[in-house]
Amino acid sequence: MTNVKIMLNGLPGNVATIIAKHAIKDSRVTLLPYSLTGPEVEAPFCQISDQSIKLIRPENRENFITELKQQEDFFIMVDFTHPMAVNDNALFYCQNKLHFVMGTTGGDRQLLQKTVKKSQISAVIAPNMAKQIVGFQAIMEYAANTFADLFKDYDLTIRESHQQGKADTSGTAKAMVEYFNKMGISFNPEQIQKERDPKVQKDQWGIPESYLAGHAWHTYTLTSPDKTVTFKFEHNINGRDVYADGALDAVVFLAHKVNQGSKAHAFTMIDVLKKRSKGF
C-alpha cells in the first residue's frame, strides 16, 4: 500500500490534535497542511509539532476543496469536528466525491449512512476508533445476534463520563443499547446517564484529575428481576491516544477498499478490525 494522503478536519480540537501528532509519525500516511475548522475559530493557522496547518473556515471550504482537488489526485478526509457538523460535513464530502473517515459522534446516524449509500464514495463511520473497544463491541454484537433475549426482563443501567466539553451522549454507549435490546432488554438511549461535571467525575467516579479534560469511562450494569444476579461491564479510557491508531488504520483500510473499486459503502470499525487482523 502506497502512502495515503489525509486531510484531518477539526483542528485545533483536542482529539484532532492528538491524531495529527500520530499521523505525522506514521509512515503509512501523509498529513496535508490543511484542516476544515468551525466558524468559531478565528486563527488562520495552528501548529502541530513542526508542521503549520492552514485552517479553512466553512464559508471558504467550497473554493478551497475545488483548488485542492486540482493539486492532489487522491486524499482521504478524516473528520473529528463537532456533532452539529456531522451531517453537513458528510454531505459536503459526498457531493465533492471525497472518501472519508468519520470519527465524530452525534448527528443523525441513519441519515449519515443513507448519504454515503446514495453517493459515489465510500466511508468508514464509527462512534469509537479505539480498536479494543471495537473488539468488545464485536463480542457484544455476536452475543446479541446469537443469544436473543439472553437478558430478558433484566434491568440495565448505562453510565458514561466524558470531558466537560463533549456536547453529545457517547456514541459508543448508544451503539451498545442496540445490542442489549436484542438480548431482551427494554432500554432507549435517552436513559443513558451522562456525566460532564469534573468535580463529580473526580470525587464520585474516581477519575484521575490529570485526565478530567480527556477521558471516556463507561459502565453497563445488568440486574436480574429478583436482584439476585448482577453483571457489570466496564471500559475506561484515560487520554485520547488510543483513538489515533484506530483512526489511521481506518484510513489505510478505506484507501485499500477504494483501490478495489468500492463506492457507496459505509464501512464500520468492525470491518477495519476484521481486515486488520488478517493484515493489510
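Here is what the cut-offs are and how they apply
- Residues numbered from 1 in each chain as written.
- Predicted model: local features only at pLDDT ≥ 70, side-chain atom pairs only at ≥ 80, totals over all residues.
- Heavy atoms only, no water.
- Helix = DSSP H or I, 4+ residues; strand = E, 2+ residues; numbered from the N terminus.
- Buried < 20%, exposed > 50% of the residue type's maximum accessible area, 1.4 Å probe, protein only.
- Arc of directions from axis to C-beta.
- Contact = heavy atoms within 4.5 Å.
- Pairing = 2+ DSSP bridges.
- Axes fitted to C-alpha atoms, helices over the stretch in contact; angles between N-to-C directions.
- Parallel < 35°, antiparallel > 145°, perpendicular 65-115°, else oblique.
- Left-handed = near helix turned anticlockwise from the far one by under 90°.
- Nonpolar A, V, L, I, M, F, W, Y, C, P; charged D, E, K, R; others polar.

Caption draft 1: Here's a closer look at unusual backbone geometry. A cis geometry characterises the amide bond from leucine 11 onward to proline 12, with omega recorded as 10°. In this model, lysine 97 sits at a positive phi of 55°, which is unusual for a non-glycine residue. Of note, lysine 97 is situated in the loop between helix 3 (86–95) and strand 7 (100–102). Phi angles above zero are rare outside glycine, and alanine 264 is one such case at about 55°. Structurally, alanine 264 can be placed in the loop between helix 8 (241–259) and strand 13 (266–267).

Caption draft 2: Layout of the environment of asparagine 145. Relative to the helices and strands, asparagine 145 is located in helix 5 (residues 131–146). Distance in space between the C-alpha atoms of asparagine 145 and tyrosine 179 is 8.1 Å, their sequence separation being 34 residues.

Caption draft 3: Looking closely at helix 2 (residues 61–71). Those residues of helix 2 lying buried are Arg61, Phe64, Ile65 and Leu68. On an axial view of helix 2, the arc spanned by its buried residues comes to 95°, and they lie on one face. Opposite its buried face, helix 2 presents the exposed residues Asn63 and Gln70, each directed more than 90 degrees away. The inward-facing, buried residues of helix 2 contact strand 1 (4–9), strand 3 (34–36), strand 5 (51–56), strand 6 (76–79) and helix 3.

Caption draft 4: The arrangement of the sheet that holds strand 6 in detail. Read across the sheet, six strands follow the order 2-1-6-7-8-13 without closing on themselves; strand pairing throughout is parallel. The sheet is open, and its two edges are formed by strand 2 (29–31) and strand 13, each paired on a single side. Taken together, the two bridges between strand 8 (residues 123–125) and strand 13 define a ladder with parallel strand orientation. Residue pairing across strands places alanine 123 opposite alanine 266, the latter belonging to strand 13. Running over the sheet, helix 4 (residues 109–117) touches strand 7, strand 8 and strand 13 and is turned about 170° from strand 8.

Caption draft 5: Representation of the environment of alanine 138. Take alanine 138: it is sitting in helix 5. Assessed through its relative accessible area of 25%, alanine 138 is described here as partly exposed. Separated by 132 residues in sequence, alanine 138 and isoleucine 270 place their C-alpha atoms 6.7 Å apart.

Caption draft 6: Representation of the sheet that holds strand 5. Taking strand neighbours across the sheet as the criterion, the three strands line up as 3-5-4 in an open arrangement whose pairing is mixed. Edge positions in the sheet fall to strand 3 and strand 4 (45–48), since each of these pairs with one other strand and no more. Here the strands of the sheet are splayed against their neighbours by 35° on average, with no regard to which way each runs. Sheet topology places strand 3 next to strand 5; three bridges connect them, and they run parallel. Paired with serine 35 across the strands is leucine 55, a residue of strand 5. Helix 2 rests against strand 3 and strand 5 of the sheet, and its axis sits at about 145° to strand 3.

Caption draft 7: Summary view of the packing of helix 1 (residues 14–25) against helix 8. At a closest axis distance of 9 Å, the pairing of helix 1 and helix 8 adopts a crossing angle of 55°. Classified by the angle their axes make, helix 1 and helix 8 are oblique. Both helix 1 and helix 8 take part in a crossing whose hand is right-handed. Packed against helix 1, whose contacting residues are Ile18, Ile19, His22 and Ala23, the element helix 8 presents Asp241, Ala244, Ala247 and Leu248 at the interface. When its residues are assigned to classes, the contact of helix 1 with helix 8 shows six nonpolar, one polar and one charged.

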